[in-house]
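# Descriptive structure summary
So you can see what is in the structure, the chains are spelled out below.
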Amino acid sequence: LANQSLSTPLCSHRHHVLHDQEVDKRICVPMNHLWEQQAPYTVCNSSLSEYGVLGFELGFAMASPNALVCWEAQFGDFHNTAQCIIDQFISSGQAKWVRHNGIVLLLPHGMEGMGPEHSSARPERFLQMSNDDSDAYPFTEQFEVSQLYECNWIVVNCSTPANYFHVLRRQILLPFRKPLIVLTPKSLLRHPEAKSSFDEMVSGTTFQRVIPENGPAAQAPHEVKRVIFCTGKVYYDLVKERKNQDLEKQVAITRLEQISPFPFDLLKEELDKYPTADLVWCQEEHKNSGYYDYVRPRFRTIVNRTRPIWYVGREPAAAAATGNKNMHLVSLRRFLDTAFNLEAFEGKT
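Overview of the structure. (Residues numbered from 1 in each chain as written. Predicted model: local features only at pLDDT ≥ 70, side-chain atom pairs only at ≥ 80, totals over all residues. Heavy atoms only, no water.)

Here we take up helix α1 (residues 50–63). Taking 1.5 Å of rise per residue, the 14 residues of α1 would be expected to cover 20 Å, and the 20 Å separating its terminal C-alpha atoms lies within 8% of that figure. Where α1 is concerned, the buried positions are Glu50, Val53, Leu54, Glu57, Leu58 and Ala61. Burial along α1 is one-sided: seen end-on, the buried residues are contained in an arc of 140°. Away from its buried face, by an angle of more than 90 degrees, α1 presents the exposed residues Phe56 and Ala63. (Helix = DSSP H or I, 4+ residues; strand = E, 2+ residues; numbered from the N terminus. Expected span 1.5 Å × (residues − 1). Buried < 20%, exposed > 50% of the residue type's maximum accessible area, 1.4 Å probe, protein only. Arc of directions from axis to C-beta.)

Pasting the structure below:
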């Protein structure tokens, strides 16, 4: 394992440094006491200047390629004041200057009714700047690795602690360096269903680019009427609603944990598994935001444009999210009803 440096404003990782309440300046960093001869772990609170701090961390990651350098915004969309660093240096640094960089951007992202400044990391911007081709369908024996090598950065939205662990571990174990954008929301830190067994993090386990349906629907795929593809914490809303409506045999739910580069190979297996089912992309973001415009043409490429992929989510909007909790819940209820209305897309092409 390499050195890890985490530089951030007040954030979800503030518990990484423990302070003695009775002895001034006496602290403990538990992550530095996991085992003997481990790599050092450093946590630094930064000034609230995303532009300045992200620029510094980018340089630190460039000079120390064997360190896992993580920069976390307080919320995902706090990266907007560092946008020029992202656009000019992180997304295109390798293409312009042939310089690899393994910086990790932790952008807590999720629609939680907390308002437009707290609920969108604008994942569509990162996906729009990704260099993978929506029409290219190349299959090689080393497809997963070659994708990672050729991409300009990696965009993920992990829904389990194990996958979050593995994507950070993969980041430092890769034989090359790519920027990593992590959109996992803070709410999954305390979500009762977002948990993993230690068995999922031992030797022999790896990062899952796609987590397929593994419940009753997967046991009889030809009886499945709808496959819902999603990413991030909306998965837990969908699973709860599916159970409430007793549709666990009729509706399969598949998670994309790595959105870019797009997991063509694994999704083809999923699409082939459910040949007669409706295909739905469900996201909690508004239709003009989030992932839909990125994933839709890639799904269509996989099926050679023979099957539509329907959109389920919030309607287009200028603001990234509402700050009205009731309006947030009403819109959530509306798209969950659509997601599990098995007659919603009948007769449409």
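Still to come is the rest of the account.
Moving on to the state of the cysteines. The tally for this structure, following the rule as stated, stands at zero disulfides. Of all cysteine sulfurs in the structure, the one in Cys158 sits closest to Cys151, which takes part in no disulfide; the separation is 15 Å. A disulfide-free cysteine, Cys230 has its sulfur positioned 6.7 Å from the sulfur of Cys282, the nearest such atom. Owing to a relative accessible area of 0%, Cys230 belongs among the buried residues under this scheme. (Disulfide = S-S within 2.5 Å.)

Looking now at the packing of aromatic side chains. Aromatic ring pairs are reported here in terms of the distance separating the ring centres and the angle at which the planes meet. All told, the structure shown has 14 aromatic pairs when counted by the stated rule. Measuring from ring centre to ring centre gives 4.8 Å for Phe229 and Phe299, while their planes differ by 50°; the resulting arrangement is tilted. In this pair, Phe229 sits in strand β10 (residues 226–230) while Phe299 sits in helix α10 (residues 292–302), placing the two residues 70 residues apart along the sequence. Per residue, the accessibility class of Phe229 equals that of Phe299, and both read buried. A centroid spacing of 5.1 Å and a plane angle of 75° characterise the contact between Phe262 and Phe264, whose relative ring orientation is edge-to-face. Through a chain of ring-to-ring contacts, three or more aromatic side chains come together here, namely Phe229, Phe262, Phe264, Trp281, Tyr291, Tyr294 and Phe299. If you follow Lys178 out to its NZ or CZ, it ends over the ring of Tyr149, 5.7 Å from the centre. Directly above the ring of Tyr294 sits Arg298, whose terminal nitrogen or CZ lies 3.7 Å from the centroid. (Phe/Tyr/Trp six-rings, centres within 6.5 Å; stacked < 30°, edge-to-face > 60°. Lys NZ or Arg CZ within 6 Å of the ring centre and 35° of its normal.)

Any link to function would need more than the numbers given here.
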